[in-house]
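Breakdown of the fold
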Amino acid sequence: WRFHVLAGDARSDLAGRIAAWMRTSEGATESQVESTCKKLVRSPVVVVLAQAGTPDDPMRDLEDYAACSAAAQNLLLAATAEGLVSKWSTGKLATMPPAFEYFGMEPHDRIVGYIYLAHPPEGTAEQRAERGPTVIDWHGFED
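Residues numbered from 1 in each chain as written. Predicted model: local features only at pLDDT ≥ 70, side-chain atom pairs only at ≥ 80, totals over all residues. Heavy atoms only, no water.

1. Notes on the nonpolar core
- Ranked by internal contacts, the top residues of the largest apolar core, which has 23 residues, are Ile18, Ile111 and Tyr114.
- Going through the elements one at a time, helix H1 (9–26), helix H2 (30–37), strand S2 (45–51), helix H4 (97–102) and strand S4 (110–118) are the ones with two or more residues in this core.
- Residue contributions to this core peak at five residues, all from H1.
- When near neighbours in sequence (up to four residues on either side) are disregarded, Tyr114 contacts Leu40, Val46, Val47, Val48, Lys87, Trp88, Ser89, Leu93, Ala94 and Ala99.
- Core analysis: the next-biggest nonpolar cluster, separate from the first, contains 10 residues, Leu49, Ala71, Ala79 and Leu117 among them. (Core = buried A, V, L, I, M, F, W, Y, C linked by side-chain atoms within 4.5 Å. Buried < 20%, exposed > 50% of the residue type's maximum accessible area, 1.4 Å probe, protein only. Helix = DSSP H or I, 4+ residues; strand = E, 2+ residues; numbered from the N terminus. Contact = heavy atoms within 4.5 Å.)

2. Description of the environment of Pro107
- By the secondary structure assignment, Pro107 is in the loop between H4 and S4.
- By relative accessible area, which is 74% here, Pro107 ends up exposed.
- A C-alpha to C-alpha distance of 8.5 Å links Pro107 and Gly53, two positions 54 residues apart in sequence.

3. Re the pattern of salt bridges
- Under the criterion given, the structure shown has four salt bridges.
- For Asp13, the salt bridge is made with Arg17, and the minimal N-O distance between the two is 3.3 Å. You can see Asp13 and its partner Arg17 sitting in helix H1, four residues apart, about one turn around the helix.
- Asp13 gets classed as partly exposed once you look at its relative accessible area, which sits at 33%.
- Taking the relative accessible area as the measure of exposure, Arg17 reaches 40% and is therefore partly exposed.
- Among the ionic pairs, Glu30 bridges to Arg23, the shortest N-O distance being 2.6 Å.
- The partly exposed category is assigned to Arg23, whose relative accessible area is 41%. (Salt bridge = Lys/Arg side-chain N within 4 Å of Asp/Glu carboxyl O.)

4. What about H2?
- Residues of H2 that are buried: Val33, Thr36 and Cys37. Buried residues of H2, seen end-on, are gathered within an arc of 90 degrees and therefore sit on one face of the element. Residues Ser31 and Glu34 are exposed on H2 and point more than 90 degrees away from its buried face.
- Structurally, H2 contributes buried residues whose contacts are with H1. (Arc of directions from axis to C-beta.)

5. Thoughts on the environment of Leu14
- Relative to the elements of secondary structure, Leu14 occurs in helix H1.
- Looking at Leu14, the relative accessible area reads 0%, which means it is buried.
- Setting aside residues up to four positions removed in sequence, Leu14 forms contacts with Leu6, Leu40, Pro98, Ala99, Tyr102 and Phe103.

6. Quick notes on helix H3 (residues 58–81)
- For H3, spanning 24 residues, the distance from its first C-alpha to its last is 35 Å, which sits close to the expected 34 Å at 1.5 Å a residue.
- The complete set of buried residues in H3 reads Asp61, Cys68, Ser69, Ala71, Ala72, Leu76 and Ala79.
- Buried residues belonging to H3 abut strand S1 (2–7), S2, strand S3 (85–89) and S4.
- Backbone geometry just downstream of H3 places Gly83 in the positive-phi region, at approximately 85 degrees. (Expected span 1.5 Å × (residues − 1).)

Read these as layout, nothing more, since geometry by itself doesn't imply function.
Pasting the structure below:
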């Protein structure tokens, strides 16, 4: 696995590269570009988890994908233990060539997920607990 941590201007830099590619290669509308690229800047830290692919060994490739998925889950659990909110997402961003280029990935590699990390919403722990465990204010984490 490969963990690429984006924070600060790195998030906007990748978003800009993806926006340019979407406009020129995909003929995307500005609404589509905005919808896709805002995901990269919606949290202070984005961890991009990638798998180094092994196309010549399909069983190992599958095992490595499973290991990366387990690593993602462990990261989510660790973030929760540290008091952070997190979200694991894939979607179109996981297959876009500018992301592969940005991270120095090969065509047979795979982005397993974008993991968004942030501090929880304002309020005391008691106020957040009153909302219940199934309610999280994502503050811009909509898909």
